[in-house]
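Coordinate analysis (summary)
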Amino acid sequence: MPGPGVAAYLILSVILFATGAFGVLIRRSPLIVLLALEIMLNAGNLALIAFARQTGTGAGQIFALTVMVVAAAEAVVGLGLIVAVSRRHMDLDVDKLTTLRG
Amino acid sequence: MLYLLLAAEFVAAAQVLVYAGAVVVMFLFVIAYLGGRADAPWAGTPSLQSLAAIVAAAAIAVEIVVVIALKAGDELSSPAQVEDSFGSPAEIGRLFLGDHLLAFEVTSIVLLVAAVGGVILGSAVPKEKRS
């Protein structure tokens, strides 16, 4: 393979995933939490495609495309929820949105 | 882009279309609609939760990097030889409509449900629910 080996891609993917996990854990605004979730999903995509190139099978790319569709759907539903919450004049804070908590 | 280096031309194009074209624009619209809110998690003294977040994220990163470093010598260093059509749109289409037809169909249902859910969530709030 011209260029870096698969380990370099995996390490970049791990760095992206840790960044996303840190953002999910530390941020309060649900918008930023959703963005950090997208970063984590993209880190998974990068690892999937690196492994697909490594093993020479196309299934990893199919899986990455499916993950991409799921990420887009998740962004649609999450942003719809955020807009609905803000229309009811509730605080946009993931620590205060506890109405559904059992 | 890194995906092109990894011989994934179709996935790279789809990534640009989906993220630059759809997701980022949607995020921008919602941020513009809601207005900027102050969100400064590092204001004041660091709480127990933020310390735990730093520790958890660093633990994930260190663990996986160590595992990769332990494995980097042997099977991770010899990529497969692939032909030129690997990752091309024709190859992706053949795989999607052949071996992975079920995933393709489930994907379409997921997209339909997400579209309907987005419309329902984004529609007007009932009057009696407004507080």
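Residues numbered from 1 in each chain as written. Chains lettered and ligands numbered in written order. Predicted model: local features only at pLDDT ≥ 70, side-chain atom pairs only at ≥ 80, totals over all residues. Heavy atoms only, no water.

1. Observations regarding the overall build of chain B
Note the threshold: Helix numbers and strand numbers start at the N terminus; a helix is a DSSP run of H or I with at least 4 residues, a strand a run of E with at least 2. Relative accessibility under 20% of the residue-type maximum defines a buried residue, over 50% an exposed one, and the middle range a partly exposed one, all with a 1.4 Å probe and only protein chains included. Working definition of accessibility: Shrake-Rupley area with a 1.4 Å probe, residue cover restricted to the visible protein chains.
Scanning chain B from terminus to terminus reveals 5 helices and 0 strands. Starting at the N terminus, the α and β elements of chain B follow one another as α-α-α-α-α. Considering chain B as a whole, with its 131 residues, one finds that 24% of them fall into the buried category. A total of about 8,700 Å² of accessible surface is found on chain B, and carbon and sulfur atoms cover 72% of it.

2. With respect to the overall build of chain A
What counts, and what does not: Our radius of gyration is a C-alpha quantity, and the globule rule it is checked against amounts to 2.2 Å times the number of residues to the power 0.38. Working rule for contacts: check all heavy atoms of both residues, and any pair within 4.5 Å makes them a contact.
Along chain A, the regular secondary structure elements total 3 helices and 0 strands. Taken over the C-alpha trace, chain A has a radius of gyration of 17 Å; the compact-globule value for 102 residues is 13 Å, which it surpasses by more than 25%. Overall, chain A is about 55 × 25 × 25 Å in size when its C-alpha atoms are taken along their principal axes. With 102 residues in all, chain A has 52% of them scored as buried. Looking at chain A alone, contacts between residues at least 24 apart form 55% of all its contacts between residues at least 6 apart. In the form shown here, chain A has an accessible surface area of approximately 4,400 Å², with 72% of it arising from carbon and sulfur atoms.

3. A few points about the packing of aromatic side chains
All names here are of chain B. Selection criterion: Pairing of aromatic rings covers Phe, Tyr and Trp, the last counted by its six-membered ring, and requires centre-to-centre distances within 6.5 Å; plane angles under 30 degrees mean stacked, over 60 mean edge-to-face, and any other angle means tilted.
Taken as a whole and judged by the stated rule, the model has 1 aromatic pair over all chains. Measuring from ring centre to ring centre gives 5.3 Å for Phe 96 and Phe 104, while their planes differ by 55°; the resulting arrangement is tilted. Judged by its relative accessible area of 11%, Phe 96 falls in the buried class. The exposure class assigned to Phe 104 is partly exposed, which follows from its relative accessible area of 36%.

4. A look at helix α3 (residues 48-71) of chain B
In plain terms, the rule: Here the expected length of a helix is defined as 1.5 Å per residue gap, with one fewer gap than residues.
Taking 1.5 Å of rise per residue, 24 residues should cover 34 Å, and α3 of chain B covers 35 Å from first to last C-alpha, within 8% of that figure. Among the residues of α3 of chain B, those classed as buried are Ser 50, Ala 53, Ala 57, Ala 61 and Ile 68 of chain B. Contact partners of the buried residues in α3 of chain B: α1 (6-26) of chain A.

5. Digging into the environment of Ala 59 of chain B
Following the sequence through the fold, Ala 59 of chain B ends up in helix α3. C-alpha of Ala 59 of chain B to C-alpha of Val 110 of chain B: the two residues are 51 residues apart in sequence and 33 Å apart in space.

6. Here's the deal with the environment of Ala 36 of chain A
Residue and element names in this part refer to chain A. With respect to the helices and strands, Ala 36 occurs in helix α2 (residues 30-55). You can call Ala 36 buried: its relative accessible area is 6%. On a C-alpha basis, the gap between Ala 36 and Ala 52 in space is 25 Å, while along the polypeptide they are 16 residues apart. Contacts of Ala 36, omitting those with residues within four sequence positions, involve Gly 20, Gly 23 and Val 24.

7. Notes on the interface of chain B and chain A
Our working definition: When two parts are brought into contact, each loses some accessible area as probed by a 1.4 Å sphere; the total of that loss over both is the buried area. In the analysis that follows, any N or O atom pair within 3.5 Å is treated as a polar contact, provided that within protein one partner can donate a hydrogen and the other can accept it, and provided that, for residues neighboring in sequence, both atoms belong to side chains.
Listed by partner, the interface residues are 60 residues for chain B and 61 residues for chain A. Across the chain B to chain A interface the summed buried area is about 5,500 Å²; carbon plus sulfur atoms make up 75%. Our count for the contact surface shared by chain B and chain A stands at 2 residue pairs in polar contact (both at pLDDT 80 or more). When residues of the side of chain B that touches chain A are traced back to their parent elements, those giving at least two are α1 (2-5), α2 (9-34), α3, α4 (89-97) and α5 (101-122) of chain B.

8. A closer look at the packing of α2 of chain A against helix α3 (residues 59-87) of chain A
All names here are of chain A. Put simply, the rule reads: Only the stretch in contact is used when a helix axis is fitted, and all axes are lines through C-alpha atoms; the angle between N-to-C directions ranges over 0 to 180 degrees. Each angle receives one of four descriptions, namely roughly parallel if under 35 degrees, roughly antiparallel if over 145, roughly perpendicular if within 65 to 115, and oblique otherwise.
For the pair α2 and α3, interaxial distance at closest approach is 9 Å and the crossing angle is 175°. Comparing the axis directions of α2 and α3 gives the class roughly antiparallel. The segment α2 lies against α3, with Pro 30, Leu 31, Leu 34, Leu 37, Glu 38, Leu 41, Asn 45, Leu 48, Ile 49 and Ala 52 engaging Gly 60, Gln 61, Phe 63, Ala 64, Val 67, Met 68, Ala 71, Glu 74, Ala 75, Gly 78, Leu 79 and Ile 82.

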